[in-house]
Amino acid sequence: MKVAAPAPEHFTSRLRSPAVAARVGMWLGISFGICFLTGLLSHYAQNTSQPIPFPASPSWGYRVTQGLHVVTGTAAVPLLLVKLWTVFPRLFERPPSMRARQLLLTGLERVSILVLVASAIFMLTSGLTNTASWYVWGFGFRAAHYAVAWVAIGALLVHIAVKLPVIREALLNDVEATHSHDRPTAVEAGVMSRRGLLRTTWLAGGAAVLLTAGASVPLLRKVSVLAVRSGDGPQGIPVNRSAKAAGVTVTAVSDAWRLTVSNGDQVVELSRPDLLAMPQRTETLPIACVEGWSASGEWTGVRLGDVLALVGADAASDVTISSFQENGPYYTVNTLQKSFAGDDRTLLALGLNGEALALDHGYPCRLVAPNRPGVLQTKWLGSIEVQA
Ligand SMILES: Nc1nc2c(c(=O)[nH]1)N[C@H]1C(S)=C(S)[C@@H](COP(=O)(O)O)O[C@H]1N2
Ligand SMILES: [Mo]
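Here the structure is a predicted model, which means the values were calculated and not measured.

A.B. asks: Could you clarify how one ought to interpret the overall build of the chain in this entry?
C.D. replies: The helix and strand tally for the chain stands at 10 helices and 10 strands. With the model as given, the accessible surface of the chain reaches about 19300 Å², and the carbon-plus-sulfur share is 64%. With 32 positive and 25 negative side-chain charges, the chain shows a spacing of 13 Å between the two charge centroids.

If you want it as structure tokens, here you go:
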């Protein structure tokens, strides 16, 4: 028996229509747009060299943009699934006989859609697994997620441009109205009305947001049973990598620990008691992880600028921040640009929420700077070096 390949006319539901696709597509486009812009920002914030200095204010800026990034990405998952479902029959359309030029254009359009679908699926799955701290990828997440984002947004713009006439007509007409762009065989009532399908889709998107947004929005924590971080953790702040996982438990509590601060050949070594003897400041600043969760804490410690002054450094220079953690490879060394190094709120934190810093939060001493991606808030500090 020969099984026939599906043909577009086998899909008869009125739900699979441009009217539905355009509406879901519009919100999907908005989500992708927000995701793209907030993603660019996050990528830039992690660049070592920043021609335009990333601002240290507002201190909660990155918390909001990265929270939005993950929330819009999560909301896009049900939207993309519904969108693909509505346009699925078109996959089996054979181009009618056309002249060569038209055939070429149709071919190009199909290729752009293939690229769009593949890159969109890649963006959402790589992003979601990252928010779940599940690093199954055999490549650098950040580089790949960034590169494919340009492919996705490019293909999206081509797709919108090509479809603009259809989108326009679909959005201007009532969603239940069957009009010229419907497939001729898509005439049977579906399991629900088109409005019903749209409502269900918005509900699914909203539910995805509510279930995960609690990772960033404290008020939603109780609702967000699927949030990756619960807001629990020592001293009320989640822990990304524990001291045990980082392999620092012995060095961290050793009396021999020193923070080495250097500026050219001027070098000082500071013990925790040395740091505690310096003027102590308290700042309320968030830890905002690229994975989307964030939490605010009251950090106490020494101003970075005060420590840099000990080695005769101008607070307005870039500095290299290193952890004594050995089993990197990620995030144990990074550059703190002068826009942060020179900010009075940037602390070498020794305490959190009224207690000595927990081992998991970076004891004996960690960096905490305003408006900085969590991955660059280095824990278990070893040395600080003013860049020449
Ligand atoms: N040395 C070191 N510092 C680090 C990390 C790490 O793995 N090692 N993780 C970073 C990441 S990804 C985040 S989100 C924050 C989390 O800080 P917390 O665990 O105190 O909440 O620490 C950052 N500092
Ligand atoms: Mo993080």
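A.B. asks: Quick question: what am I supposed to make of the site of ligand 1 here?
C.D. replies: Surveying the vicinity of ligand 1 reveals 18 residues, the closest of which are Pro238, Gln325, His361, Arg366 and Lys379. Measuring from an oxygen atom of ligand 1, one finds a side-chain N or O atom of lysine 379 at 2.5 Å. Protein chains bury 99% of the 530 Å² of accessible surface belonging to ligand 1 in isolation. Its residues placed into classes, the shell around ligand 1 shows 8 nonpolar, 7 polar and 3 charged.

A.B. asks: Looking at this structure, I do not really get a nonpolar patch on the surface. What am I missing?
C.D. replies: Side chains of Met26, Trp27, Ile30, Ile34, Trp60, Val64, Leu68, Leu171 and Trp202 sit close together on the surface and give an oily, nonpolar patch of about 790 Å² of accessible area. Of all the secondary structure elements, the ones that give two or more residues to the nonpolar patch are helix H1 (18-45) and helix H2 (61-87). In terms of residue count, H1 provides more of the nonpolar patch than any other element does, 4 residues in total. On the basis of relative accessible area, valine 64 is assigned to the partly exposed category, the value being 42%.

A.B. asks: I'm lost on unusual backbone geometry in this one. Help?
C.D. replies: Note: most residues except glycine have negative phi, and most peptide bonds are trans. Along the chain, serine 57 connects to proline 58 via a cis peptide bond; the corresponding omega equals -5 degrees. Looking at where proline 58 falls in the secondary structure, it is placed in the loop between H1 and H2. Residues tyrosine 363 and proline 364 are joined by a peptide bond in cis, for which omega reads 15 degrees. Positive phi is not limited to glycine here, since glutamine 235 has a value of about 60 degrees. The topology assignment puts glutamine 235 in the loop between helix H5 (194-213) and helix H6 (243-246). Given a relative accessible area of 14%, glutamine 235 falls into the buried group.

A.B. asks: I would appreciate a short explanation of the packing of helix H3 (residues 100-131) against helix H4 (residues 141-172) in the present structure.
C.D. replies: Packed helices, taken two at a time, are described by their axes: the angle between them and the distance between them. Packing of H3 against H4 leaves a shortest axis separation of 8 Å and a crossing angle of 140 degrees. Taken together, the axes of H3 and H4 lie oblique to each other. Crossing handedness for the pair H3 and H4: left-handed. When the residues that make up the contact of H3 with H4 are grouped by side-chain class, the tally is 15 nonpolar, 7 polar and 2 charged.

So, how was this worked out
Residues numbered from 1 in each chain as written. Chains lettered and ligands numbered in written order. Predicted model: local features only at pLDDT ≥ 70, side-chain atom pairs only at ≥ 80, totals over all residues. Heavy atoms only, no water. Helix = DSSP H or I, 4+ residues; strand = E, 2+ residues; numbered from the N terminus. Areas by Shrake-Rupley, 256 points an atom, 1.4 Å probe, with all protein chains shown as cover. Lys, Arg positive; Asp, Glu negative; His and termini not counted. Charge placed at Lys NZ, Arg CZ, Asp CG, Glu CD. Near = heavy atom within 4 Å. Polar contact = N/O pair within 3.5 Å; in protein donor to acceptor, adjacent residues only side chain to side chain. Nonpolar A, V, L, I, M, F, W, Y, C, P; charged D, E, K, R; others polar. Patch = residues over 30% accessible without salt bridge, like charges linked within 9 Å, V, L, I, M, F, W, Y side chains within 5 Å. Salt bridge = Lys/Arg side-chain N within 4 Å of Asp/Glu carboxyl O. Buried < 20%, exposed > 50% of the residue type's maximum accessible area, 1.4 Å probe, protein only. Axes fitted to C-alpha atoms, helices over the stretch in contact; angles between N-to-C directions. Parallel < 35°, antiparallel > 145°, perpendicular 65-115°, else oblique. Left-handed = near helix turned anticlockwise from the far one by under 90°.

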